[in-house]
Amino acid sequence: MNETLFSEFNEVSKETWRDLILKDLKGAGFEKVQWETEDGFVLEPFYTKEDLGDLPDVPRSRSSWKITDEILHADEIKVSLSSGADALYIVSHKEGKQTFGLSIGTNEELVQVLAPIPKEIPIVLSLANRTPEFTEGIQKLKDSHNHVYTDYDPFGTLLLCGELGCKKEELNSHFSKLTKSKSKHTIAVHGYYLRDAGAKIGQELACSLSWGVDYLNRLLDLGLSLKEANDSIWFFMGVGSNYFFEIAKLRAHRILWAEILNAYEPGFGDENPTTIFSRTSEFQYTAYDPYVNMLRGTTAAMSAVLGGSDFVQVLPFDHNYSQKQELGKRIARNSQLLLRSESFFDKVEDPAKGSYYLETLTKKLISTVWTKFQTLEKEGGFFVGIQSGKVQDEISETASKKRAALSSKKEILLGTNQYPLPTERHPELITSVEHTKKLLEFGNPTEFKRITPLRLSYEFDRLRQMTDTHIASGKKAPKVFLLTIGDLTMRKARASFSANFIGCLGYEIQDNLGFANIEEGVTKAKEFGADIVVLCSSDEEYTNHLQAFSEEMQRQLPNAWKILAGYPKDLIQKAESLGIDDFIHMKRNTIEFMEKAQSKWIGTL
């Protein structure tokens, strides 16, 4: 039987769908349902098979992936392997006398600590700049284990630390030392550094490709064959919560890297798929309402798998609070086990293939990224770009725009700037906040500009955490009283908005059903012990209530803040003359308000 599932139905043309949409728009232009992505291309509300065009297959070596656990302590290895992980990301970093992760100081210690790991378990070994020093130990592990990856990446070190970790003239000797034994997967491109610093999807991908090409050319110049050079490089990418875009990014990555390799040798890229390690990006993980991170981590893992990742690491939902998160790691593993064992994500080679939307999104992203990649190459390549600081400046500009969007609520993070839970307390977060402060205030002069991986919610976390510390010291949270009066619909709407807006501070908030007059409302606010009173009514009724509100507050609560919910333009001057301290509304910058409030009611920022 050759009939397709819907062959008995008449086909509906693209023009028919468009006409139906225009009819529903009732005179509005079609552009109302189009939207521009952060990478600058426009998406339509629907796509058909006519939009697909020609798109190469996504080169992959396998349909499944490795559930990967990060190991920071040797005693975690056995627990991870017995709990569902089938690959290990072993971290051992050392900076001066400071050690992060496993304490491994010699080649002998490296072999001794990792040799007991079953040979069939892939080991991703992160020794950072120390990698060339461990060539002997790494080779012994490669001889005894099926898959050992190392992540030497001097350009990544430059981006994070402002230094290469060695002299420029030593780069080639380090690459040569790592590749002379024909070892595979020794050099990593840490694109996720850019993602965690706030880069757009297209920026991360374009830079990663140029980054990889620079390493590829260096290895070819050292005398390696194209296959040996390509086998030496793997990609470590970040995956955020933009579900479909992250799928398209990883598919585009595979297609574009194959096309780059095909330029060196026709057909080579199609036959030699690259290796991609995907990690959920910390950028969109939040410290408050951390359980939402379970959802963010799961959708990111789905994107990573459907996009074609070989290894997937999901960060624990509570990783902002400590290094050892047993529950968080268990949930992170189990989310992937569910995708594999119950949703069967490993049974289809390219699940996104044939989806009109995803195929078109992949194609548009490829076009945008390729243009950016070519620009980087024409300007001298990735290394030139990071030495000049241009790449870092572009990432910083993008991150600043995202933070501004979050503060103005054009960007939403549940539990942080939208629907926060004011009673949630995390005094232990101070350790993370102080650590991040030190990174941001890193004062040592560096040779090159740095990027700073910093979660999007950090400023909200920092300011709100002041309230938690204040309460943990035995003091009370500032009290907010919502004085609702007048029109039922408007007072409820503005009270809800105010509770949501001020809730970001973690203050104690009391909503009310409504008051007959201002005097009654202020009297109740005084009984509550309010530090802040928010007048919630309609713009029209503010005309009659402002004078009384100001006078009653001055009489009963002279030291409390007087705030107006909304921004009635015709009354602003009068309100300010009556001593109104602030206005909270859709265009009010949340961070600016939080800083002002904490400085007043908690203390020094």
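Below: a short report on this structure. (Residues numbered from 1 in each chain as written. Predicted model: local features only at pLDDT ≥ 70, side-chain atom pairs only at ≥ 80, totals over all residues. Heavy atoms only, no water.)

1. So, the overall build of the chain
Helices and strands together make up the secondary structure of the chain, namely 23 helices and 16 strands. Taken against the 2.2 N^0.38 rule, which gives 25 Å for 605 residues, the C-alpha radius of gyration of the chain at 28 Å falls within 12% of a compact globule. On the principal axes, the C-alpha backbone points of the chain span a range of 85 × 70 × 45 Å. Expressed as a percentage of contacts within the chain between residues at least 6 apart in sequence, the contacts between residues at least 24 apart total 75%. (Helix = DSSP H or I, 4+ residues; strand = E, 2+ residues; numbered from the N terminus. Rg over C-alpha atoms; globule rule 2.2 N^0.38 Å. Contact = heavy atoms within 4.5 Å.)

2. Topic: the packing of helix H10 (residues 243-264) against helix H12 (residues 292-307)
Between H10 and H12, the shortest axis-to-axis distance is 8 Å and the interhelical angle comes to 30°. Here H10 lies roughly parallel to H12, going by the angle between them. In the packing of H10 onto H12, the handedness of the crossing is right-handed. Of the residues in H12, those touching H10 at Tyr243, Glu246, Ile247, Leu250 and Arg251 are Thr299, Met302, Ser303, Ala304, Leu306 and Gly307. Across the contact of H10 with H12, the residue classes break down as 6 nonpolar, 3 polar and 2 charged. (Axes fitted to C-alpha atoms, helices over the stretch in contact; angles between N-to-C directions. Parallel < 35°, antiparallel > 145°, perpendicular 65-115°, else oblique. Left-handed = near helix turned anticlockwise from the far one by under 90°. Nonpolar A, V, L, I, M, F, W, Y, C, P; charged D, E, K, R; others polar.)

3. A look at the pairing of strand E6 (residues 123-126)
The two faces of E6 match: Ile123 and Leu125 on one face and Val124 and Ser126 on the other face are all buried. With 4 bridges connecting them, strand E4 (residues 87-95) and E6 associate as parallel partners. Bridge pairing links leucine 88 to isoleucine 123 in E6. As paired elements, E6 and strand E7 (residues 148-150) share 3 bridges and run parallel to each other. Counted as the bridge partner of valine 124 is tyrosine 149 from E7. Tracing the backbone out of E6, into helix H4 (residues 135-144) and back to the parallel element E7 gives a crossover that is right-handed. (Buried < 20%, exposed > 50% of the residue type's maximum accessible area, 1.4 Å probe, protein only. Pairing = 2+ DSSP bridges. Right-handed = clockwise from strand over helix to strand, strands pointing away.)

4. Some details on a nonpolar patch on the surface
Side chains of Val12, Trp17 and Leu20 sit close together on the surface and give an oily, nonpolar patch of about 280 Å² of accessible area. Within the secondary structure layout, valine 12 lies in the segment before helix H1 (14-25). (Patch = residues over 30% accessible without salt bridge, like charges linked within 9 Å, V, L, I, M, F, W, Y side chains within 5 Å. Areas by Shrake-Rupley, 256 points an atom, 1.4 Å probe, with all protein chains shown as cover. Salt bridge = Lys/Arg side-chain N within 4 Å of Asp/Glu carboxyl O.)

5. Considering the packing of helix H18 (residues 458-472) against helix H23 (residues 590-601)
In contact at an axis separation of 10 Å, H18 and H23 are set at 25° when each is read in the N-to-C sense. Considered as vectors, H18 and H23 are oriented roughly parallel to each other. Between H18 and H23 the crossing geometry is left-handed. Residues Glu459, Phe460, Arg462, Leu463, Arg464, Met466, Thr467 and His470 of H18 lie in contact with H23, whose contacting residues are Thr590, Ile591, Met594, Glu595, Gln598 and Trp601. Across the contact of H18 with H23, the residue classes tally to 6 nonpolar, 4 polar and 4 charged.

6. Here we look at unusual backbone geometry
Even without a glycine there, the phi angle at phenylalanine 344 is positive, about 60°. The residue phenylalanine 344 is located in the loop between helix H13 (326-341) and helix H14 (356-378) in this model. For phenylalanine 344, a relative accessible area of 47% corresponds to the partly exposed category.

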